[in-house]
Amino acid sequence: MLEPRLLSINQVTLMQQWSLKQAIEGLARHDVAAISVWREKLHELGVAEAARMIEGHGLAVSGLCFAGLITSLDRDEAAKARDDVRRAIDEAARLKARCLVFVAGGVDPRNKDIKATRGRALDGLASIVPHARQAGVKIALEPLHPMICATRSVLSTMKLANEWCDTLAAEDTVGIAVDTYAVWWDPELEPQIARAGKRICAFHISDWLPDTQDLRLDRGMMGDGVIDIPAIRRMVEAAGYTGHREVEIFSARNWWKRDSDEVVRTVKERYQTAV
Ligand code: ZN
């Protein structure tokens with residue numbers, strides 16, 4: 001049996017059903033020990049009130065999602081994006097989040113040089129690290145599936161995430177979020193997870209549906225798709241990760257339309273049978 005206290009539910013899993021206030025109350029009612037907070041919802045409630053409620057309900061915060069998108073070619077735009085990451089770092093500190101999930105950003109059509117794009121992301125990140133260190137917040141680099149490289153993240157593999165961590169040389173402040181949906185296809189996954197070791201500071205789970213209709217918003221419930229989630233969990237745990245298993249399901253056509261209590265009950269069940 002997997003430890004119930006290590007189950008976290010990312011509130012995006014109930015994005016259409018619950019506000020943050022409802023998510024905090026709902027997860028506590030279902031005895032779910034941890035939540036991952038979505039920033040838009042956080043801003044609706046207010047950071048101070050969210051922190052107060054989360055603490056009052058005894059929930060752990062496995063992560064704050066997300067900040068980043070710092071690859072713009074335009075200097076002012078990029079500077080604004082970096083400022084937003086610094087704000088997110090302060091929010092994560094207030095919520096005592098285990099990490100702030102960082103999504104690099106996609107390719108700027110004004111310059112198709114992907115190597116230069118990755119360079120801008122890495123330089124921008126390096127300039128943010130001191131702020132995170134001072135706030136005591138861990139930045140979790142999240143490699144995303146290469147099919148969304150154009151729009152969301154030029155950081156696509158665990159290998160690249162490890163290389164960025166090597167370059168940044170900020171092991172106290174920068175880690176890696178392993179998301180099964182993003183990295184399951186990678187033939188180098190096992191050695192790169194082993195190489196990441198203690199860098200792994202978040203583990204996100206959902207499944208890849210064989211008939212997926214949308215690359216971002218059609219994630220499957222664990223057990224409904226083709227990812228060997230238990231195998232990946234064993235890899236991250238063999239690498240030394242002992243933190244939350246965070247369920248993160250964007251599902252416009254299915255789970256977002258279901259009754260919230262049914263979704264949480266299903267997550268808890270599948271956590272024991274398919275994770
Ligand atoms: Zn994720």
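Our subject is the structure listed above.
A short tour of the structure in this document, coming up. (Residues numbered from 1 in each chain as written. Predicted model: local features only at pLDDT ≥ 70, side-chain atom pairs only at ≥ 80, totals over all residues. Heavy atoms only, no water.)

## Concerning the pattern of salt bridges
So, point 1. Throughout the structure, instances matching the rule amount to 23 salt bridges.
So, point 2. Glu-25 is paired through a salt bridge with Lys-21; the nearest N and O atoms lie 3.2 Å apart. Residue Glu-25 and its partner Lys-21 are located together in helix H1 (residues 20-29), separated by four residues, close to a single helical turn.
So, point 3. Overall, Glu-25 belongs to the partly exposed group, its relative accessible area being 30%.
So, point 4. Salt-bridge contacts for Asp-108 lead to Arg-110; the nearest nitrogen and oxygen are separated by 2.9 Å.
So, point 5. Among the residues examined, Asp-108 registers a relative accessible area of 7% and is labelled buried.
So, point 6. A relative accessible area of 52% places Arg-110 in the exposed class.
So, point 7. What you see here is one network of salt bridges that share partners, running through Glu-3, Arg-233, Glu-237 and Arg-245. (Salt bridge = Lys/Arg side-chain N within 4 Å of Asp/Glu carboxyl O. Helix = DSSP H or I, 4+ residues; strand = E, 2+ residues; numbered from the N terminus. Buried < 20%, exposed > 50% of the residue type's maximum accessible area, 1.4 Å probe, protein only.)

## Re the sheet that holds strand S6 (residues 174-179)
Hydrogen bonding along the main chain pairs the strands of a sheet, whether they run parallel or antiparallel.
So, point 1. Strand order around the closed barrel formed by eight strands is S1-S2-S3-S4-S5-S6-S7-S8, with parallel pairing between neighbours. Across the sheet, the mean angle separating the axes of adjacent strands is 30 degrees when strand polarity is ignored.
So, point 2. Bridge count for strand S1 (residues 7-10) against strand S2 (residues 34-38) is three bridges, and the pairing is parallel. By the bridge assignment for S2, Asn-10 is matched with Ser-36.
So, point 3. Across the face of the sheet, H1 comes into contact with S1 and S2 while running at roughly 170 degrees to S2. (Pairing = 2+ DSSP bridges. Axes fitted to C-alpha atoms, helices over the stretch in contact; angles between N-to-C directions. Contact = heavy atoms within 4.5 Å.)

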